[in-house]
Amino acid sequence: MTTEELEPAPPAPLLPLLHGHRIPSLGLGTWPMVGDECQEVVRVAIESGYRLIDTSFKYSNEVAVGRGIHDSGLPRHEIFITSKFNKESHSVDGVQRAYDDSLERLGVDHLDLFLCHWPVPAQGRYVNAWKGLVKLLEEGRVKAIGVSNFKPAHLASIIDATGVVPDVNQIQLSPDIARTVPRRAHEVLGIVTESWSPLGRGPELRENPTIVQIAADVGRTAAQVVLRWHVQQGLVPVPRSSDPKRLVENLSVFDFRLSTDQMATLASLDNGEAAARDSDLPENGH
Ligand SMILES: NC(=O)C1=CN([C@@H]2O[C@H](COP(=O)(O)OP(=O)(O)OC[C@H]3O[C@@H](n4cnc5c(N)ncnc54)[C@H](OP(=O)(O)O)[C@@H]3O)[C@@H](O)[C@H]2O)C=CC1
Ligand SMILES: O=C(O)C(=O)[C@@H](O)[C@H](O)C(=O)CO
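Nothing here was measured: the structure is a model prediction, and the numbers come from that model. (Residues numbered from 1 in each chain as written. Chains lettered and ligands numbered in written order. Predicted model: local features only at pLDDT ≥ 70, side-chain atom pairs only at ≥ 80, totals over all residues. Heavy atoms only, no water.)

Focus on the site of ligand 1
The condition that has to hold: Put simply, a residue is near a molecule or strand once any heavy atom of it comes within 4 Å of that molecule or strand. Two N or O atoms form a polar contact when they lie within 3.5 Å of each other; inside protein one atom must be a possible hydrogen donor and the other a possible acceptor, and for residues adjacent in sequence the pair counts only when both atoms belong to side chains. The protein chains shown are the only cover counted for residues, whose accessible areas, like all others here, come from Shrake-Rupley with a 1.4 Å probe. The helix and strand labels rest on DSSP assignments: H or I over at least four residues marks a helix, E over at least two residues marks a strand, and numbering proceeds from the N terminus. Under the scheme applied here, ten amino acids are nonpolar (Ala, Val, Leu, Ile, Met, Phe, Trp, Tyr, Cys and Pro), four are charged (Asp, Glu, Lys and Arg), and all others, including Gly, are polar.
By nearness alone, 27 residues border ligand 1, and Gln170, Ser197, Arg201, Ser241 and Arg246 come closest of all. Within the side chain of His117, one N or O atom sits 3.2 Å away from an oxygen atom of ligand 1. In this structure, Gln170 approaches ligand 1 through a side-chain N or O atom, which is 2.8 Å from a nitrogen atom. Starting from 900 Å² of accessible surface for ligand 1 in isolation, the protein chains cover 89%. The leading source of residues in the shell around ligand 1 is helix H9 (residues 244-251), at three residues. Within the shell around ligand 1, the residues separate by chemical class into nine nonpolar, eleven polar and seven charged.

The structure is reproduced here in structure tokens:
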């Protein structure tokens, strides 16, 4: 991967989390990259200015992510590492084991953020999973804890059972799947919303004529307009790219603003909550 001619972007500003840690306001998604490619992309991303790396047991790339972080040479404390565990670990002890296993694969002694990847309500054990995360936090083994793909009702269950509010909920979120209802619930509770598939994964969103027009108006790319839409609202997107130029492009969204009218135009692209993957359905989640 040739990167010598690319200027790094300034690292993303930090946002405060409920339990005292701070999270970079944009990070690198790593699914479905694996092996040498993943290791190289993680190294290049860090050298390009990324400080938040998002992985998961499910992605089978924690070893590669850890090697990429090591190759970057950056001190551990300058990097915010997130991983996630699967439904097989939805118990207090299961989460402790999953955490130790993730640490070993990543080659680090702590994570900045550990997430319950999906609630899998059909299994009925996500409250136990949350109790396991609370134990890790209370023992000072992890800096922040959270969930992913939890709906407001799932959040209510875990908070009722423990009195502990997640630092983060990572959900599917992009201008066409704007998730206004869960976002409002997060705001009330003080939960930071992370956006997965922030670019909509496929090319359709980036090719949307409304976004293309705004991009032309502000002299940026369509991907930058979409990512600016996220960060301007305090969302934390984790875009994935395996291209060095696009890695820098995606992080370079903190030096311009979208106008109120442009934000309102982008809000009109929302297809509503039904467009999101429904984590109550048994086929969704792992
Ligand atoms: N918690 C959860 O359940 C989930 C979490 N995630 C996380 O979210 C991350 C991001 O989501 P993902 O589904 O990968 O989708 P994204 O919305 O990040 O889109 C990724 C796609 O966009 C392309 N792309 C990236 N930047 C640009 C650009 N500037 N211009 C044009 N194309 C671009 C990439 O291609 P190229 O590489 O060629 O640039 C890739 O094909 C995942 O990697 C994962 O970490 C994802 C799904 C579920
Ligand atoms: O990337 C993730 O976090 C997932 O949940 C994956 O399962 C991925 O999004 C996917 O949909 C695989 O089909």
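Comments concerning the side chain of His230
The test is simple: Between two residues, a contact is recorded if the distance between any of their heavy atoms is within 4.5 Å.
Note on placement: His230 falls in helix H8 (residues 222-232). Excluding its chain neighbours within four sequence positions, the residues that come into contact with His230 are Leu173, Ser174, Pro175, Ser195, Pro198, Leu235 and Pro237.

Overview of the environment of Thr55
Stated formally: For each residue, the accessible area found with a 1.4 Å probe, counting protein chains only, is set against the maximum for its type, and the residue is called buried under 20%, exposed over 50%, and partly exposed in between.
Mapped onto the elements of the fold, Thr55 is located in the loop between strand S4 (52-54) and helix H2 (62-72). Among the residues examined, Thr55 registers a relative accessible area of 0% and is labelled buried. A C-alpha to C-alpha distance of 9.9 Å links Thr55 and Gly66, two positions eleven residues apart in sequence. Within the local environment of Thr55, its side chain forms a polar contact with the side chain of Asn61, the two groups lying 2.5 Å apart.

A closer look at the UniProt feature "site: Lowers pKa of active site Tyr" (unreviewed entry) in the chain
Definition in use: UniProt positions are given in the numbering used here, feature names are shortened, and annotations may be inferred rather than shown by experiment.
UniProt records the feature "site: Lowers pKa of active site Tyr" (unreviewed entry) for Lys84 in the present numbering. On the secondary structure map, Lys84 appears in strand S5 (residues 80-85). Classification of Lys84 by relative accessible area gives buried; the value is 0%. In contact with Lys84, other than residues within four places in its own chain, are Asp54, Thr55, Ser56, Phe57, Tyr59, Phe114, Leu115, His117 and Gln170. There is a polar contact of 3.1 Å between the side chain of Lys84 and the backbone oxygen of Thr55.

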